[in-house]
Amino acid sequence: MHVTFSPEELAFQEQVRAFFRDEFPEDMRQKRDKGMELDPEDQVRWQQLLNKKGWAGINWPVEYGGTGWTPVQKYIYATEEANANAPLVVPFGLSMVGPVIYTFGSIEQKQRFLPDILASNVWWCQGYSEPGSGSDLASLKTRADLVGDHFVVNGTKTWTTLGQHADWIFCLVRTNTDVARRQEGISFILIDMKSPGVSVTPIILLDGVHEVNEIHFENVEVPVENLVGEEGKGWTYGKVLLQHERANIAGVARSRYRLRRLRQQVKSSVRGAAPLSGDKNFMRRLAAVEVELKALEYTELRTLAAVSSGKAPGPESSILKVKGTEIQQAIDMLYVQAAGYYALPYVPDQYKPDFADQHVGEEAETQSSLRYFNNRKASIYGGSNEIQKNIIAKHVLGL
Amino acid sequence: MHVTFSPEELAFQEQVRAFFRDEFPEDMRQKRDKGMELDPEDQVRWQQLLNKKGWAGINWPVEYGGTGWTPVQKYIYATEEANANAPLVVPFGLSMVGPVIYTFGSIEQKQRFLPDILASNVWWCQGYSEPGSGSDLASLKTRADLVGDHFVVNGTKTWTTLGQHADWIFCLVRTNTDVARRQEGISFILIDMKSPGVSVTPIILLDGVHEVNEIHFENVEVPVENLVGEEGKGWTYGKVLLQHERANIAGVARSRYRLRRLRQQVKSSVRGAAPLSGDKNFMRRLAAVEVELKALEYTELRTLAAVSSGKAPGPESSILKVKGTEIQQAIDMLYVQAAGYYALPYVPDQYKPDFADQHVGEEAETQSSLRYFNNRKASIYGGSNEIQKNIIAKHVLGL
Amino acid sequence: MDFSLNEVQGMLADSIEKFIDNEYAFDTRQKYAASEAGFSADVWNTFAELGWTTVPFSEDDGGFNGDQIDVMVMMQRFGRGLLVEPYLANIVLAGGILKRVGSAAQKQQWLQAIMSGELQATLAFTEPQARYDIANIATTAAANGADWVLNGQKGLVFNGGTSDLIIVPARTSGKQDDDSGITLFAVPADTAGLSINAYHTVDGLRAADLTLSDVRVSGDAVLGGIDDGFAALDETVDDATLAICAEAVGILQVLKDKTVEFSKSRSQFGVPIGSFQALQHRMVDMLTVCEQAQSLLLWATMTVAEGGAEAKRAVSSIKYLVGTSGQTLGEEAVQLHGGMGVTWDLDVAHYFKRLTAISQLFGNADWHLDKLAA
Amino acid sequence: MDFSLNEVQGMLADSIEKFIDNEYAFDTRQKYAASEAGFSADVWNTFAELGWTTVPFSEDDGGFNGDQIDVMVMMQRFGRGLLVEPYLANIVLAGGILKRVGSAAQKQQWLQAIMSGELQATLAFTEPQARYDIANIATTAAANGADWVLNGQKGLVFNGGTSDLIIVPARTSGKQDDDSGITLFAVPADTAGLSINAYHTVDGLRAADLTLSDVRVSGDAVLGGIDDGFAALDETVDDATLAICAEAVGILQVLKDKTVEFSKSRSQFGVPIGSFQALQHRMVDMLTVCEQAQSLLLWATMTVAEGGAEAKRAVSSIKYLVGTSGQTLGEEAVQLHGGMGVTWDLDVAHYFKRLTAISQLFGNADWHLDKLAA
């Protein structure tokens, strides 16, 4: 039992650090440091750089182009990625549909889709939730009726993140309504967003940002070969995907980066008689979150160590999701508290290059409340924290 | 809308203050100030003094010997009682069986029992819970079978506080098992503890104190005139009683007294480089509880004001019970934290007159953890806080 | 001791509730918030016509002779309606200074115009470096003949972009955070050297940062005594703190009610989500917070109105509660609304944002708990 | 980076678990706790025979060459069994001082006897006025020829009533709370002038207050350098803090497991209480606390064992977590057991009491959070 890195791990860490130092594009770094959103083109360019290095499929099996890294290597990578303030790759292809395809897809599907996912040639989005279904996924109503050699899809998906940029969508759809349990008769299919009958309606979130969408399907024809795995087994595949999603959603390395940056920020804060780092109350709150995060860091490592490489994490990943999002939201609130009055100004464009008016506050300040508002979703999306607790109660505690 | 007392209220306050100053016996005052339990004889003597003054039946209607006080008068009384560190009167007669008898009992029962309750001539105890029934009171199994002119009672009651001193017990018993709902067929009866077949087994609580008991009934004969109200209506009467109990259980005035004493104590604490009152963290915790308590004080006053005199409080009293016990337990923990290491010594006899060994720590210190342990019951007894939340959800929120 | 509204308060409460029910639907609120000024001039005129703008001013000043309790009655209902009109800036803040230290002439010139709705006014109560300390004032005012010349910066001036008159506390002596040495100036918004950078705030309201570069005002602009402005500033900010706490309590009650209603209508797994015990217990906690906040608000407001020794503690107590369990209630309301709770289209998100803004104003929960711990 | 037990640790863990399962039922524990000494001399002899008393001592000293990780493995299991035997007093505290600064002769005389189980020893790590500051030492030691004369008071000396040897830190120079100027003395319990007031503690263990009145010891009693005892004292108390945190984590896991099991077997309203969603979610929170505490314990112990720069932060982090969410878990375990949870007869209450005691030892959560906030 030891906490330090081995020489091999230290060498790997050096390699990862060098990569981020040398290969992460300077223009993106500047945008990120100002807290600006990256354009979709930036996201694609960055993933292509990662793919060139062979580091796009971090959790993928080697045979499909994955890295084959150990849990500790993945931990090191995530840490350095966060420390470089590099963006998370868009997860819908790499972390969601990819694992479903390489686990349950046909050889043809693997050949057709996996390389494009790794190379970010195709932008994927997710069609799970529906208006009215919420956390009760199995109540989904979108239908895919088999007509000859294609499905005809009708229905609406919602909360589809970044769907406005997507080329393809993976969906859970109902292919059979004559079933004993609602979880049966659901299939996992892949739909080209350019298909006639697909339309996208934006949903504006409480911070004023267009991030999620409703996707409408009106008699959309989908070739039968876009069905992944067996008809009616979509629920099972979807659960595997959600466990992957949950394990990634904790965001430990990001939270650590954000806490460290906050510690820096409050040392030089100009608000108040002394820097906020002299405010014992604030620093105690910060330290308390640091303790929880350190514990979660090791909980995640223990979970990863217990999971053999490539295998999907089990229901324990729900603990990571719940605690990870609680910590993220606690950090959001710390930033708001650090900002004080300057959490209030709403000037979303002021860090865009063409902004001509006067700036208000520091960027970490005026973005703090928007981030806090936006990230309330973290405990709702990806299976709400209440659903996660139900899962843990049932599958871990046996209640 | 005003917060100050009227001249009449101020005069009443002066009268109450004078009473506690002049009439609360000095020997009891000394015991209380050392944190010692009063003997049953002390309790009886004190209630008899109250009764002599006409102040035993604070919540009773005037016609049965009650005070007829306004909510504000009751508030003033409770405040002065707590400030004098006088004991709460034992509630089982005055606050529990008394209201049931004067509300639902026959004229004969009122004449027979009420004066003795006011005068503390009879020590009452409560037979509600049973082993296995817990918060699910309606599952009670103690039977009372009508045989001629008496019931034959068989079964076991538990968590009977101070039952070891009791002359009489009031019980919920099952008089009819052939019912559609479990809440039916339950009756409210009064049992003389000296009846053949009644036996008492002590239950020791986690702090080592004998406070509660199991009461066993083996073919106990109870005259039919000891049935209160209608046969089979006991559940309804019992609920009324529980609402009385809950409204009293918040203990706002006691908590305020304890917080004020703690503020005094930490000013002169000898532990640490400076008095604990200079420890901002501790004082912040204390202040946070004070805020909650001040809010509860006014929540209680608002509740009392909304309830006409003598009427039983409604389901809102559950809020008082939940929050009141949470605050009590938070105060318990503050005392433990103030005591530090001296919360640990367990020398329960050291403030008894005949204790000959060396003392350890200050009394507020060494009693702090015992009180904390003992008072964990506050959120369990009297209908657990979980049950209270169920009641509020159903009857206040309509869920 | 009595917690009931008197007859006049009851009528005031009714008329505001009726106004909101009939004329201030959420969509209307959003339209006003998005307008150029950020509020409705028509609504403000209605406020003036109904006399709501005169409530906390004495009869001698032409007011309604109300106190903090009357303002509480109003603000709690403004919170329920999520009103965007500048009652805080005009009536509580600018009006609060003028009624305390304005001369007869100054009241005649400005307070009358505020009450009639002709003049928009506000108070520059903080500076960028001050955090929550209202005495931390680096803006200077130097005597120059009969005039004063002001230099410095002010932050987060509510409705600063639409105000005709801005009351500016400036340092005329003492160290940067001394209570003494602060003087209050009434500065017309069009005074040369005063630049106003107006912006939206996250709660749908408006504010501005000010830069004062050799802003010259006459001696008539001085409100109250030279070096002696702190007491009026402090009392006015305490009143404003109580007022936004009342607004917050109104918001809490709406959020609780909407969440309970939503939980009855929203089905998941074939049953209303309100039937899930874990959510029921959390909604009970929300109710408890509402009851506790309502109670503490009454106590705090009455205590300040009656000028008791505990007035300062009272203000800090309610602000602390709003900023802690109140903020948590807001988070719970959003959480229990699920995905809907984080969308722009649902009113819940906007109540939550206003609540969050209030939590940061006039000292956050930590700031006030520190005062209570002293 | 590796969190698995090595082979030797695995065997150690197994043998302790087997011992508890076979020989340390709760009733047995209660019997030992109620006995004259407050623990079982037989069990202690078994500890010595199995070599458990030698774990954290070097091979040169005749020990097992273990480190803090090995002690963690043991203490976590002692926590699960709620053992009352004086491992903390003898091995971690007294042994911790002796192994760090004892001379060869002193180790030969005392450490050997501790390891063999012949000698009971402890450390007087605090004084009545000190609260949690181990450097706050008012007990004085004055040189008198070749001897030293000690005067003062010590509080809460674990197992002080049954110890043959008590290590007493005393001030030989400096101010009352200086780190420097502290000297460590090995004082036999039967030394003239030393009076020992032994008492029970609320967690079923034993402690004592000491009064030293002209207690005279020879120069051979000095452990380490004159004025130079703080470092050994501080490191030893850090080790002890980690050790009781490991014990606490064992307790947390037992409380969580027992609560989950109880909720499956206890019926109310015709169904197991574990089927109520509100309770389910609270038990999930308990599980989460256990996982977080286990993780942080591993990190903290490994960090101290490897002597990293973060060692002090590590100790404070785990002690803080145990004292906050750990204590809350204990309260929840009692609450969910209902009336049974507050009775003397059920083991849950006794686990909870020990957890509560641990929360107060070596600095409570506030104390340690302050260190982390610095």
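The structure this text deals with has already been given above.
Residues numbered from 1 in each chain as written. Chains lettered and ligands numbered in written order. Predicted model: local features only at pLDDT ≥ 70, side-chain atom pairs only at ≥ 80, totals over all residues. Heavy atoms only, no water.

Draft legend 1. Structural view of the overall build of chain A. When helices and strands are tallied, chain A shows 12 helices and nine strands. Dimensions of chain A, computed from C-alpha atoms along their principal axes, come out at roughly 75 × 55 × 45 Å. Burial status across chain A gives 59% buried among its 399 residues. Pairs at least 24 apart in sequence give 71% of the contacts found in chain A among residues at least 6 apart. Summed over all atoms, the accessible surface of chain A reaches about 15,800 Å², with 51% contributed by carbon and sulfur. Distance between charge centres in chain A, computed from 44 positive and 49 negative side chains, equals 7 Å. (Helix = DSSP H or I, 4+ residues; strand = E, 2+ residues; numbered from the N terminus. Buried < 20%, exposed > 50% of the residue type's maximum accessible area, 1.4 Å probe, protein only. Contact = heavy atoms within 4.5 Å. Areas by Shrake-Rupley, 256 points an atom, 1.4 Å probe, with all protein chains shown as cover. Lys, Arg positive; Asp, Glu negative; His and termini not counted. Charge placed at Lys NZ, Arg CZ, Asp CG, Glu CD.)

Draft legend 2. Fine view of the side chain of C:Asp239. Mapped onto the fold, C:Asp239 is located in helix 7 (residues 230-265). Excluding anything up to four places from it in sequence, C:Asp239 contacts C:Gln68, C:Val92, C:Lys99, C:Arg100 and C:Val304.

Draft legend 3. Region of the structure containing the interface of chain C and chain A. Counting from both sides, the interface comprises 45 residues of chain C and, opposite them, 48 residues of chain A. Of the roughly 3,900 Å² buried where chain C meets chain A, counting both sides, 58% is carbon and sulfur surface. For the chain C face of the interface with chain A, the top three residues by lost area are C:Arg131, C:Val202 and C:Val342, together amounting to 18%. We note a salt bridge from A:Arg376 to C:Glu331, for which the minimum N-O separation is 3.5 Å. At the boundary of chain C and chain A, one finds 20 residue pairs in polar contact (both at pLDDT 80 or more). Of all elements in the fold, only strand 3 (147-158), strand 6 (194-201), strand 9 (267-268), helix 8 (277-305), helix 9 (311-336), helix 10 (347-360) and helix 11 (365-373) of chain C reach the threshold of two or more residues within the side of chain C that touches chain A. The element best represented in the side of chain C that touches chain A is helix 10 of chain C, accounting for six residues. Here the side of chain C that touches chain A is composed, by residue class, of 18 nonpolar, 19 polar and eight charged. Inspection of the sheet shows strand 9 (residues 345-346) of chain A paired to strand 6 of chain C by two bridges, in the antiparallel sense. The residue of strand 6 of chain C that forms the bridge with A:Pro345 is C:Thr201. (Buried area = accessible area lost by both parts, 1.4 Å probe. Salt bridge = Lys/Arg side-chain N within 4 Å of Asp/Glu carboxyl O. Polar contact = N/O pair within 3.5 Å; in protein donor to acceptor, adjacent residues only side chain to side chain. Nonpolar A, V, L, I, M, F, W, Y, C, P; charged D, E, K, R; others polar. Pairing = 2+ DSSP bridges.)

Draft legend 4. Seen up close, the packing of aromatic side chains. Residue and element names in this part refer to chain A. For the coordinates displayed, the defined rule picks out 90 aromatic pairs over all chains. Among the aromatic residues, ring-to-ring pairing joins Phe12, Phe19, Phe20, Phe24, Trp46, Trp55, Trp69 and Tyr77 into one connected group. The ring of tryptophan 55 has lysine 53 lying over it, and the distance from NZ or CZ to the ring centre is 5.0 Å. (Phe/Tyr/Trp six-rings, centres within 6.5 Å; stacked < 30°, edge-to-face > 60°. Lys NZ or Arg CZ within 6 Å of the ring centre and 35° of its normal.)

Draft legend 5. Inspection of the interface of chain A and chain D at higher detail. Contacts between the two partners involve 35 residues from chain A and, on the opposite side, 42 residues from chain D. The largest per-residue losses of area from chain A upon contact with chain D belong to A:Met1, A:Arg284 and A:Arg302, which jointly make up 24% of the total buried on that side. At the junction of chain A and chain D, the tally comes to six salt bridges. Between D:Asp366 and A:Arg284 there is a salt bridge; the shortest N-O distance is 2.4 Å.

Draft legend 6. A look at helix 9 (residues 280-306) of chain A. Residues and elements named next belong to chain A. The terminal C-alpha atoms of helix 9 lie 39 Å apart, and with 27 residues this matches the ideal 39 Å at 1.5 Å per residue to within 8%. The buried count for helix 9 comes to 21 of 27 residues, which makes it a mostly enclosed element. Measuring from the side-chain oxygen of the N-cap residue of helix 9 to the backbone nitrogen of asparagine 281 gives 2.9 Å; that N-cap residue is aspartate 279. (Expected span 1.5 Å × (residues − 1).)

Draft legend 7. A look at the packing of helix 2 (residues 26-33) of chain A against helix 3 (residues 40-53) of chain A. All names here are of chain A. Interaxial distance between helix 2 and helix 3 falls to 11 Å at its minimum, and their mutual angle equals 125 degrees. As judged from the angle between their axes, helix 2 and helix 3 are oblique. Crossing of helix 2 over helix 3 shows left-handed handedness. Facing helix 2, whose interface residues are Asp27, Met28 and Lys31, helix 3 presents Asp42, Arg45 and Trp46. (Axes fitted to C-alpha atoms, helices over the stretch in contact; angles between N-to-C directions. Parallel < 35°, antiparallel > 145°, perpendicular 65-115°, else oblique. Left-handed = near helix turned anticlockwise from the far one by under 90°.)

Draft legend 8. Up close: the pairing of strand 4 (residues 165-171) of chain C. All names here are of chain C. Counting buried residues along strand 4, seven of its seven residues qualify, which places the element largely inside the surrounding structure. Burial along strand 4 is two-sided: the face carrying Leu165, Ile167, Pro169 and Arg171 and the face carrying Ile166, Val168 and Ala170 are both buried. Direction of pairing for strand 1 (residues 121-123) relative to strand 4: parallel, over a ladder of three bridges. Following the sheet pairing, threonine 122 is matched in strand 4 by isoleucine 166. In this structure, strand 4 lies alongside strand 5 (residues 182-188), joined through seven bridges in antiparallel fashion.

Draft legend 9. Seen up close, helix 3 (residues 41-49) of chain C. Residues and elements named next belong to chain C. Of the positions making up helix 3, those classed as buried are Val43, Trp44, Phe47 and Ala48. Looking down the long axis of helix 3, one finds its buried residues gathered within 145 degrees of arc, a one-sided arrangement. Away from its buried face by more than 90 degrees, helix 3 exposes Asp42 and Glu49. Close packing links the buried residues of helix 3 with helix 1 (7-23), helix 2 (26-34), helix 4 (68-81), helix 5 (87-101) and helix 6 (104-116). Where helix 3 begins, the side chain of serine 40 points an oxygen toward the backbone nitrogen of aspartate 42, at a separation of 3.2 Å. Phi for glycine 51, located one or two positions after helix 3, is positive at around 85 degrees. (Arc of directions from axis to C-beta.)

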